[in-house]
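# A closer look at the structure
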Amino acid sequence: MGESQRSDRPQYESGGGGRHDDERMPTASVPVGLRSSRFAVSAAYVAQGLGYAVVVTSLPALKARQDVDDTVVSLLVLGVALAAAAGSVLANLVAVRFGSRAALALGLVIQAVALPVIAVPTPFAGFAAAFAVFGIGLGCVDAAAAMQGVAVQRAYGRHLLGGFFAGATAAAIAGALLVSVVAASALAAGIALTCAAAIALGAAIVVARLGLRETPVDEALPKAERARLPRAGIWVFGLVVLAVFVADSAVSTWSTVYLQDDLSALAWIAPLGYAAYQSVVLVTRLVTDRLVTAIGRRRLVAIAASVSAVGCALVALVPVPAAAVAGFALAGVSAGVLIPVTFGAAGELDPRHSDQVIARVNLFNYAGAILGAVVVGLLADAPGLGPAFLLPAVALAAVLFAVPRFQTRTDAASTAGRGIRHR
């Protein structure tokens, strides 16, 4: 890749003089190499969303093949979350030394290696080890894809992260449909997992060839400056991500159970809560980039957090199937809007340390996922599963305290410009 694709070149930064609130960059002004990098990041998000969905939806067939119970499956999923946190740390180490392009390609290769092992019958020790390796790849891609996405977004000078995350969501839906089409048997699950591995490997090759080339932190900054991170901002944006994933994990894990067991919904109605949630996540991600431009980050974050908190409260306080489905749909606004907007804002805290910041913020993802699934489940035995959804409602309402930390487009552009001049 040529020098013109380096993400730290001033002509691609949104900082500097001129108007910063105009997000509409003409396609003709975008270099071909930069558009190729955008395609590479999109491919990585698609591979990530499809691979994870195939694994999750194949769990019943894999459970039967390995002859294990639900407790073992739950422990495997927990292990994947913990391994993903380690993968995020790995992404940081690689990105600091070699750049986020290398970290993203590595994470995809790790997934491509692990998925075929999960696909074929193996002793349980090998099966569990493959899940752990997949988790490392999952976390590495989570963090590195956001790093590359923020770098491409900054180079373009307009918001793109919503579209990247929308690609992952659409691919996840496609992955679930793929498993459904090939039927829920161990052999069919193996076919779907092998397809996901091939797609991950293909995405790794695309990223290695076309991903945005950055100057690694180890080369760009003196040793004394490498550890000077905006720690307060990392905590603020990390806690926003945690709150969103508390809600996401609670809805993903317990929405169908709540509708079917607690509200006695018909069998065909019970899955609609999660379907409504994912549909809203996809739709809002498709429009997030435009909404950020139209109304600004702060207002959009405030609206998304408020709507989602109201949705979770509706689930908790109105024990009626229709109200619960509507509440789960409203809750989807949080994952649809807040995740891409928060990672974009985190990457602009200090563009010189963008990769390091994103890797640390990404760690809160897994803490939130574990808390949402486990704590809401524990509360189900005491106040009940419905009232337990007050937990994500409170967590999302607390996001409103972080709204002032989300920079406007003008502020963010100015910060990026100062980062370049001080290198």
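So, here's what we can say about the structure.

Thresholds applied
Residues numbered from 1 in each chain as written. Predicted model: local features only at pLDDT ≥ 70, side-chain atom pairs only at ≥ 80, totals over all residues. Heavy atoms only, no water. Helix = DSSP H or I, 4+ residues; strand = E, 2+ residues; numbered from the N terminus. Buried < 20%, exposed > 50% of the residue type's maximum accessible area, 1.4 Å probe, protein only. Contact = heavy atoms within 4.5 Å. Areas by Shrake-Rupley, 256 points an atom, 1.4 Å probe, with all protein chains shown as cover. Core = buried A, V, L, I, M, F, W, Y, C linked by side-chain atoms within 4.5 Å. Phe/Tyr/Trp six-rings, centres within 6.5 Å; stacked < 30°, edge-to-face > 60°.

### Regarding the overall build of the chain
Along its length, the chain carries 16 helices and 0 strands. Per-residue burial for the chain yields a buried fraction of 53% across its 423 residues. Of the contacts formed within the chain by residues at least 6 apart in sequence, a portion of 85% connects residues at least 24 apart. Looking at the chain as shown, the accessible area adds up to about 17,000 Å², and 68% of this sits on carbon and sulfur atoms.

### Structural notes on the nonpolar core
Core analysis: the biggest nonpolar cluster contains 97 residues, and Tyr45, Leu108 and Phe343 have the highest contact counts within it. Every residue in contact with Tyr45, bar those within four places of it in the chain, is listed here: Ala145, Ala146, Leu161, Phe164, Phe165 and Ala168. Among the nonpolar cores identified, the runner-up in size contains 26 residues, and Leu59, Val68, Val80 and Ala119 belong to it.

### Brief notes about the packing of aromatic side chains
With the rule as written, the count across this model stands at 10 aromatic pairs. Residues Phe127 and Phe131 carry aromatic rings whose centres are separated by 5.0 Å and whose planes lie at 65 degrees to one another, so their mutual orientation is edge-to-face. Residue Phe127 and its partner Phe131 are both found in helix α5 (residues 124–156); the two are separated by 4 residues, about one turn of the helix. We classify Phe131 as buried; its relative accessible area is 3%. Between Phe328 and Phe389, the ring centres sit 5.4 Å apart and the planes meet at 70 degrees, which makes this aromatic pair edge-to-face. Of the two residues, Phe328 sits in helix α12 (residues 321–347) while Phe389 sits in the loop between α14 (385–388) and α15 (390–398), which places them 61 residues apart along the sequence. The pair formed by Phe328 and Phe389 is uniform in burial state, with each residue classed as buried. In this structure an aromatic cluster arises from ring pairing among Tyr45, Phe164, Phe165 and Phe343.

Read these as spatial facts, not as claims about activity.
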